[in-house]
Amino acid sequence: MSESQETLLLVDGSSYLYRAYHALPDLRNGEGFPTGAIYGIVNMLRKLRSDYPAKYSACVFDAKGKTFRDDLYPAYKEHRAPMPDDLRAQIEPIHEAVRALGWPILVVEGVEADDVIGTLAERATREGVRTIVSTGDKDLAQLVSDHVTLVNTMTNETLDPAGVQTKFGVPPERIVDYLSLIGDTVDNVPGVPKVGPKTAVKWLTEFGTLDNVMARAAEIKGVVGENLRNTLEWLPKGRELLTVKLDCDLSKEVPTFDALIDGGEDKSELVDFFSRYGFKTWLREASGEALPDTRSVGSARKAATPVKNYADNAAAQQQASLFDVEAAPQEVKYETVTTEAQLESWMQRLDEADLVCIDTETTSIDPMLAQLVGISLSVTPGQACYIPVAHRGPDVAGLDAAAQLSRDAVLARMKTWLEDDASKKVGQHLKYDAHVFANHGIALRGIQHDTMLQSYVLESHRNHGMDALAERVLQLKTITYEEVCGKGASQIGFDEVPLDRATEYAAEDADITLRLHRALFPKVEADDKLDYVYEQIEMPTSIVLQKMERNGVLIDGERLAKQSTEIGQRLLELETEAHALAGQPFNLSSPKQIGEIFFNQMKLPVIKKTASGAPSTDEEVLQKLAEDYPLPKLLLDYRGLAKLKSTYTDKLPKMVNPNTGRVHTTYGQATAVTGRLASTDPNLQNIPVRTEEGRRIREAFIAPEGSVIVSADYSQIELRIMAHLSQDEGLLRAFQEGQDVHRATAAEVFNVTPLEVTADQRRVAKVINFGLIYGMSAFGLASNLGIGRDAAKLYIDRYFARYPGAARYMDETRQTARERGYVETVFGRRLWLPDINGGNGPRRQAAERAAINAPMQGTAADLIKLSMLAVQGWLEAEAMRSRLVMQVHDELVLEVPQAELAVVRERLPELMCGVATLRVPLVAEVGVGANWEEAH
DNA sequence: CGAATCCGTAACGTC
DNA sequence: GACGTTACGGATTCGA
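Residues numbered from 1 in each chain as written. Chains lettered and ligands numbered in written order. Predicted model: local features only at pLDDT ≥ 70, side-chain atom pairs only at ≥ 80, totals over all residues. Heavy atoms only, no water.

Engineer: Please set out the overall build of chain A residue by residue, giving values where relevant.
Structural biologist: On a plain count of helices and strands, chain A comes out with 37 helices and 25 strands. With respect to the principal axes defined by its C-alpha atoms, chain A has extents near 110 × 80 × 55 Å. The buried share of chain A, taken over its 936 residues, is 51%. Once local pairs closer than 6 in sequence are excluded, the contacts in chain A between residues at least 24 apart make up 68%. Carbon together with sulfur atoms contributes 50% to the accessible area of chain A, which is approximately 42600 Å² in total. (Helix = DSSP H or I, 4+ residues; strand = E, 2+ residues; numbered from the N terminus. Buried < 20%, exposed > 50% of the residue type's maximum accessible area, 1.4 Å probe, protein only. Contact = heavy atoms within 4.5 Å. Areas by Shrake-Rupley, 256 points an atom, 1.4 Å probe, with all protein chains shown as cover.)

Engineer: Go over the packing of aromatic side chains with me, naming the residues and quoting the values.
Structural biologist: Evaluation of the coordinates by the stated rule reveals 24 aromatic pairs. Aromatic side chains F33 and Y277 sit 5.6 Å apart centroid to centroid with 50° between the ring planes, which places their arrangement in the tilted category. Linking F33 in the loop between helix 1 (13–23) and helix 2 (36–51) with Y277 in helix 12 (residues 267–277), this pair joins segments that are 244 residues apart in sequence. Judged by its relative accessible area of 14%, Y277 falls in the buried class. Judged by centre distance (6.4 Å) and plane angle (20°), the rings of Y39 and F279 are stacked. (Phe/Tyr/Trp six-rings, centres within 6.5 Å; stacked < 30°, edge-to-face > 60°.)

Engineer: A description of the side chain of S564 should follow, citing residues and the corresponding values.
Structural biologist: Along the chain, S564 turns up in helix 23 (residues 557–582). Residue S564 is classed as buried on the basis of its relative accessible area, which comes to 8%. A distance of 2.8 Å separates the side chain of S564 from the side chain of T649, its partner in a polar contact. Dropping the residues within four chain positions of it, S564 is found in contact with K645, T649 and D650. (Polar contact = N/O pair within 3.5 Å; in protein donor to acceptor, adjacent residues only side chain to side chain.)

Engineer: Residues and numbers for the pattern of salt bridges, please.
Structural biologist: The tally for this structure, following the rule as stated, stands at 49 salt bridges. Here E122 makes a salt bridge to R126, at a shortest N to O gap of 3.9 Å. With E122 and R126 both in helix 5 (residues 113–126), this residue pair falls 4 residues apart, about one helical turn. Since its relative accessible area comes to 29%, E122 is described here as partly exposed. For R126, a relative accessible area of 61% gives the class exposed. Linking E876 and K547 is a salt bridge whose minimum nitrogen-to-oxygen distance equals 2.9 Å. With E876 in helix 36 (residues 841–877) and K547 in helix 22 (residues 528–551), this residue pair connects regions lying 329 residues apart in the sequence. Relative accessible area serves as the criterion here: at 44%, E876 is assigned to the partly exposed category. Among the charged side chains, a salt-bridge network with shared partners connects E538, R829, D862 and K865. (Salt bridge = Lys/Arg side-chain N within 4 Å of Asp/Glu carboxyl O.)

Engineer: Describe the nonpolar core, with residues and values.
Structural biologist: Among the nonpolar cores identified, the biggest contains 110 residues, and F598, F701, Y799, L863 and M886 are the most heavily contacted of them. Among the elements that take part in this core, helix 36 stands out by supplying 11 residues, more than any other. Apart from the residues within four sequence positions on either side, F701 is in contact with V553, L554, I555, L652, L684, I687, I709, M886, A930, N931 and W932. (Core = buried A, V, L, I, M, F, W, Y, C linked by side-chain atoms within 4.5 Å.)

Engineer: Break down the protein's contact with DNA strand B for me, citing the residues and quoting the values.
Structural biologist: Around DNA strand B sit 26 residues, and of these T610, S612, T617, R676 and V689 come closest. Restricting attention to atoms of DNA strand B within 4 Å of the protein, one finds that 81% of them are sugar or phosphate atoms. Within the side chain of K643, one N or O atom sits 3.0 Å away from a base oxygen of DNA strand B. Interatomic distance of 3.0 Å between a side-chain N/O atom of N686 and a base nitrogen of DNA strand B. (Near = heavy atom within 4 Å.)

Engineer: Just give me the short version of the protein's contact with DNA strand C, but keep the residues and values in it.
Structural biologist: Close contacts around DNA strand C come from 32 residues, with G196, S590, K592, K651 and R849 the closest. Sugar and phosphate atoms form 81% of the subset of DNA strand C atoms that lie within 4 Å of the protein. The side chain of S590 places a nitrogen or oxygen atom 2.7 Å from a phosphate oxygen of DNA strand C. The side chain of Q593 places a nitrogen or oxygen atom 3.2 Å from a phosphate oxygen of DNA strand C. Going through the elements one at a time, helix 8 (197–207), helix 24 (591–601), helix 26 (631–649), strand 18 (678–680) and helix 36 are the ones with two or more residues in the surface near DNA strand C. A per-element tally of the surface near DNA strand C places helix 36 first, with 4 residues. Looking at the surface near DNA strand C residue by residue, the classes come out as 7 nonpolar, 17 polar and 8 charged. (Nonpolar A, V, L, I, M, F, W, Y, C, P; charged D, E, K, R; others polar.)

Engineer: Tell me what's going on with unusual backbone geometry, and back it up with residues and numbers.
Structural biologist: Residues D681 and P682 are joined by a peptide bond in cis, for which omega reads -5°. With respect to the element layout, P682 can be found in the loop between strand 18 and helix 28 (692–698). At Q727, a residue that is not glycine, the phi angle is positive and equals roughly 55°. Note on placement: Q727 falls in the loop between helix 29 (717–726) and helix 30 (729–736). Phi is positive for A879, close to 50°, though the residue is something other than glycine.

Engineer: Outline the confidence of the model for chain A, supporting the account with residue identities and numerical values.
Structural biologist: Averaged over every residue, the pLDDT of chain A is 88; the share at 70 or more is 93%. Ignoring residues within four places in sequence, the model shows residues 290–322, a span with pLDDT below 50, making 55 contacts including any to other chains. (pLDDT = per-residue confidence, 0-100.)

Engineer: An account of the sheet that holds strand 15 (residues 553–555) is needed here, citing residue identities and associated values.
Structural biologist: Spatially, 16-15-19 is the arrangement adopted by the 3 strands of the open sheet, whose pairing is antiparallel. With one partner strand each, in any of the chains shown, strand 16 (662–663) and strand 19 (701–702) form the two edges of the open sheet. Pairing between strand 15 and strand 19: 2 bridges, direction antiparallel. Note that in strand 19 the partner of I555 across the bridge is F701. (Pairing = 2+ DSSP bridges.)

Engineer: Mind laying out the pairing of strand 23 (residues 883–887), listing which residues take part and the relevant values?
Structural biologist: For strand 23, a buried count of 4 out of 5 residues is recorded, marking the element as mostly surrounded by other parts of the structure. Here strand 23 pairs with strand 24 (residues 891–897) via 4 bridges, running antiparallel. The partner of L884 across the bridge, within strand 24, is L894. Counted along the chain from strand 23 to the antiparallel partner strand 24, the turn is 3 residues long, and its residue H889 has a positive phi close to 70°.

Engineer: Give a description of the side chain of S711 that names residues and reports values.
Structural biologist: Of note, S711 is situated in strand 20 (residues 707–714). Of the residues examined, S711 reaches a relative accessible area of 1% and is grouped as buried. At 2.6 Å, the side chain of S711 and the side chain of E891 are in polar contact.

Engineer: Account for helix 7 (residues 175–182), with residues named and values stated.
Structural biologist: Counting buried positions along helix 7 yields 7 of 8 residues, so the element is predominantly enclosed. Within the sequence span of helix 7, burial applies to I175, V176, D177, Y178, L179, S180 and L181. Following helix 7 by one or two positions, G183 has its phi on the positive side, about 85°.

Engineer: So what's going on with the environment of F494? Residues and values would help.
Structural biologist: Along the polypeptide, F494 turns up in the loop between helix 20 (481–485) and helix 21 (499–525). C-alpha separation for the pair F494 and Y481, spaced 13 residues apart in sequence, amounts to 9.0 Å. Once you skip the residues sitting within four places of it in the chain, F494 turns out to touch E361, T362, V373, Y386, H391, Y481, V484, C485, A502, Y505 and A506.

Structure follows, in structure tokens:
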């Protein structure tokens, strides 16, 4: 008796409940009873009935109570807000209405509506019945097949397999994989953080299935790749949660599909129902036989719950730690200090302690602007206090912010201890805290240890943030700043954090930092070389850096503003010209739009592609194209000027500190893996110098009235270090004899006498020399010189033939890097190279180049840090008024009063050259001027 | 649903 | 080789 086109119509009643409730205005009947959801559902069922006539049908609702998913994952639907009372009150009436409409209704204990629908659809398919599923829930797209169609009544959208592919970008079979990656906010099922529809489709298209994506997680770069790897353990479970069950036992509820035959509307029931709930129009219709008007309801989706941060540290915890972890304290005791008696008690502890861990909480991450909000201290692991001094806001948890001690009083009481050189302190990134105290007129002294620098010296390639360290070294998960203050626009200042919460966070920081010190410092101390780098270089350097940052540098903002205006004019002209040449307006700053104009419209040849496959428009390409076309040249000019304007002439004046009238960079001391410093906000280490236009920016770096700028830079420092390390006779001789090393190299490579070397040969030799420092390949050299790879190879071969010591050194360096896993500088600074023996080809080659470069770059960094120490030590010992104001890798810049110019000019290079004795002399070149440009 | 925020890419400044 | 900053454009998340 089975017909070929029998149809089963299944309605996901639960998915419509909320939608109907939220989408409709707050409808109420005469008695004030909410009826919006009832109205919506009745309307929808009637419309469905007429749109999709079906032999069998059912309206399915979730039952109350737990399902297998709750057992599988306790947090399932955890953050879902409880059902609003107004909606809850409508549930029973809705069931009643559904029955009166003649719809079979299914509410199965312990089984979610989705699973009931899935199981019935599956059974229907087996029995040759086609299924239409009406739902507002995208999750059910996984059920779609040739026999199962989805319809969203709210949007009137139907989905067949092709429709699913179009809408989601993946076929129905991949929907579960897709959802697993994205996660389901509403049900609190996490996916991979930062992965949304686009990324999920990208991965599934590339790798096929979720299993394949997981198997190849290692290949995915960036933060999302990292997030994926951190969620690997979770994903199978997420997938299980999101997979609709097809095999529920419904033998009781639906023994055969005959149980799902529409009973037809029960007029008397309906009339009764409509009259009880006050649906007057429907009541009239039901009594008067007229067909009801159907009206589709608008869609709305509310009820978004926050994604719970899914912290999965399994990987981190499995990783064997380098560190012996001191037994964690039995008991953790954090105290909020709000009375003088408490403060006195802590001051006594500080006085008695050999070493105190200190940390500050502030109003800003900008060290020069940060105002003190609170101080945390710890002298014993597990015990710490937080002294709030500037919290605002209402009383919380019995801790009245108004009851805190005042900042002035606390600082006055602590000043002696804070400024006492003999009272030893440890902290995490104390350079920052030193600024904070300095902002309140206190010179923090006795800075003995810094856990950030300990970590940096031990493993410079890792993350040295406190949270990361706690996890890696102590296997502890700390409260993050974000957890306390939020993020983005809704982030609050620490002074707004309630005192109890502030104490949990701040005291923990001091406690954890002390424990970190106890774990890290023994590792540093145990190794003579690392101990030297830490105690003799990094720790003292941090003190000098803090002073340099505070000194700041004077900028002629007006001069820069004038330059900005000029450049802006020129940019406008260039833009107009470019638009004319292109025959249409376009954004000259958009590589994408340039690509469209150049390569699609003007049909210029594609010289090379970017990493993502788009035609490149970088300088090299434009240079090449400029030979034959006018527009690329324009663009080159535009790019150069735009960079100058946006990064320098516009930006620098904005960075002037309103209090000091000077620019204060921040040096990153634990940023560059090689030991170099980094400079941010602003970066003063990449101020232009190569072009005429660029150098004008340096003219704006000035000294105050009566002072001048003095600059001293190491000459050929990295090549000298290469000579020292390789002990190559030719290189050593060149430097010992004070030769022009690029000329000497040219003479060797081109087999001429030094005097015969042409300017072009010298230029080539210079590029070769730099290439060697960078561990550069023939390929890199070729592209740098604009020659063929064979020609470049020839140069390199000749070079190594003439400087066999250098060749040997490079080989040995690669070898020891492979054997030990790290390379080191002359002073014993270590750089680990995790990829040197593993990883894929390109990564290993990059590690090899880093292995060559790091000892040279790193030794240079060591030397200039030693110079800074020597210079600052001298200036202080002699009570000079000259000040260090900048460091640019191989250059120190000072602000020098005229009266001290002669002595600085003499002593500065001596100090710099005297910090170490290598197999070649160190040379420092000094320049003096009214501005930085002149000082060169 | 539009706005704000985050992220990756391309490009380019320095040593 | 080592960095930091800019602009853009797309993706994601926020927030009403």
